[in-house]
Amino acid sequence: MKKRSVAIVIYEGVEVLDFAGPFEVFSVTDELNDYRHFDVSLIAASDTPYATVNNMRVLPNRVFEDAESPSILVVPGGAGSKAAMKDKPLLDWVGTSAAAAEIVLSVCSGARVLAQLGLLDNLEVTTHHQVATHLQSLAPAAKVAIDRRFIDTGKVVTTGGITAGIDGAFHIVARLLGEMTAKRTAQYMEYDWRPQQRYSTKTDNPL
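To keep things clear, this report deals only with the structure shown in the data block.

Reading the values: rules and limits
- Every residue gets a number counted from 1 within its own chain, in the order that chain's sequence is written.
- Owing to the predicted nature of the model, reporting of local features is limited to residues with pLDDT of at least 70; listing and counting of side-chain atom pairs is limited to 80 or more, with chain, interface and lining totals taken over all residues.
- Side-chain metrics rest on all non-hydrogen atoms present in the structure, leaving aside hydrogens and water.
- Only buried residues count toward a nonpolar core, which is a set of Ala, Val, Leu, Ile, Met, Phe, Trp, Tyr and Cys residues joined through side-chain atoms within 4.5 Å.
- The buried label applies to any residue whose accessible area, calculated with a 1.4 Å probe on protein chains only, is under 20% of its type's maximum; exposed applies above 50%, and partly exposed to all values in between.
- Secondary structure elements follow DSSP: runs of H or I of four or more residues count as helices, runs of E of two or more count as strands, with numbering from the N terminus.
- Here, two residues are considered to be in contact whenever any of their heavy atoms come within 4.5 Å of each other.
- Here, a strand pair is defined by DSSP locating no fewer than two bridges between the strands.
- Seen with the strands pointing away from the viewer, any crossover whose path from the first strand over the helix to the second strand runs clockwise is right-handed.
- Salt bridge, as applied in this entry: a Lys or Arg side-chain nitrogen positioned within 4 Å of an Asp or Glu carboxyl oxygen.
- Helix axes are fitted only over the stretch in contact, all axes being lines through C-alpha atoms; the angle between N-to-C directions runs from 0 to 180 degrees.
- Angles are sorted into four bins: roughly parallel if under 35 degrees, roughly antiparallel if over 145, roughly perpendicular if 65 to 115, and oblique for all others.
- Under this grouping Gly is polar, as are all residues other than the nonpolar Ala, Val, Leu, Ile, Met, Phe, Trp, Tyr, Cys and Pro and the charged Asp, Glu, Lys and Arg.

Description of the nonpolar core
Of all hydrophobic cores here, the largest spans 58 residues; its most connected members are Phe-26, Leu-73, Trp-93, Val-94 and Leu-120. The element contributing the most residues to this core is helix α6 (residues 164–177), with 6 residues. If sequence neighbours within four positions are ignored, Leu-73 has contacts with Ala-7, Val-9, Trp-93, Val-94, Ser-97, Ala-98, Ala-101, Ile-103, Val-104 and Leu-105.

Here it is as structure tokens:
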């Protein structure tokens, strides 16, 4: 069986765990299964280091112009997502890749990018609780919920804030490879994965 390619988009001001969490889930799943399932890469506009939230420096594996459309596209969030959703090269690549992808996963405020592309219209979606109001304004045809760790609508999977991206990635692993495979990875990572875990958080301080 051909390995699925997983492309995780990064940009200035991306949240570390938004991309590192799913990276670890897909990569460890591949490692524990004789490297048969996922080819995971960080993708960006250029091959220079990017500053994350709190200034970790990250070097992507590939650049947009050299990257093929992935099987699984991951769009993380972070403070930089407000600029990312207006970045034409990023939007062009994400839009083209999303059209061809098997699954598109947004993490936290990465949902802003999908909303800007019209990919959340008429879907039930979630995001970081502090971003919900802004996301609803960007995608008025969507139904934004904040009481879910993740929401799977088929091709598009959206997740809540930061650590919820890990749950979304585990859900995709379980969906594609079976729950036992996902549980084995979670056990190895010593992560308390609870399928369809729910939570509710309220705030009046939007990001």
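Back to the write-up after that little detour.
A closer look at the environment of Val-131
Within the secondary structure layout, Val-131 lies in the loop between β8 (124–126) and α5 (132–138). In the structure, Val-131 is positioned 39 residues away from Phe-170 in sequence and 23 Å away in space, judged by C-alpha atoms.

A closer look at the pairing of strand β1 (residues 4–9)
The buried count for β1 comes to 5 of 6 residues, which makes it a mostly enclosed element. Across 6 bridges, β1 lies against strand β2 (residues 38–44) in parallel orientation. Bridge pairing links Arg-4 to Phe-38 in β2. For the crossover that starts at β1, traverses helix α1 (residues 16–32) and ends in the parallel β2, the hand is right-handed.

Considerations on the pattern of salt bridges
Under the criterion given, the structure shown has 8 salt bridges. With a closest N to O distance of 2.7 Å, Arg-149 and Asp-167 form a salt bridge. One end of the pair, Arg-149, is in the loop between β9 (143–145) and β10 (150–152); the other, Asp-167, is in helix α6, and 18 residues separate them in sequence. Among the salt bridges present, the one from Asp-152 reaches Arg-175, with a minimum N-O distance of 3.0 Å.

Looking at the packing of α1 against helix α7 (residues 179–189)
Remark: α1 packs on α7, axes separated minimally by 9 Å, with the N-to-C direction vectors making an angle of 105 degrees. The orientation of α1 with respect to α7, classified from their angle, is roughly perpendicular. Between α1 and α7, the contacting residues are Glu-24, Val-25, Val-28, Thr-29, Glu-31 and Leu-32 on the first element and Thr-181, Arg-184, Thr-185, Tyr-188 and Met-189 on the second. Taken together, the residues of the contact of α1 with α7 break down into 5 nonpolar, 3 polar and 3 charged.

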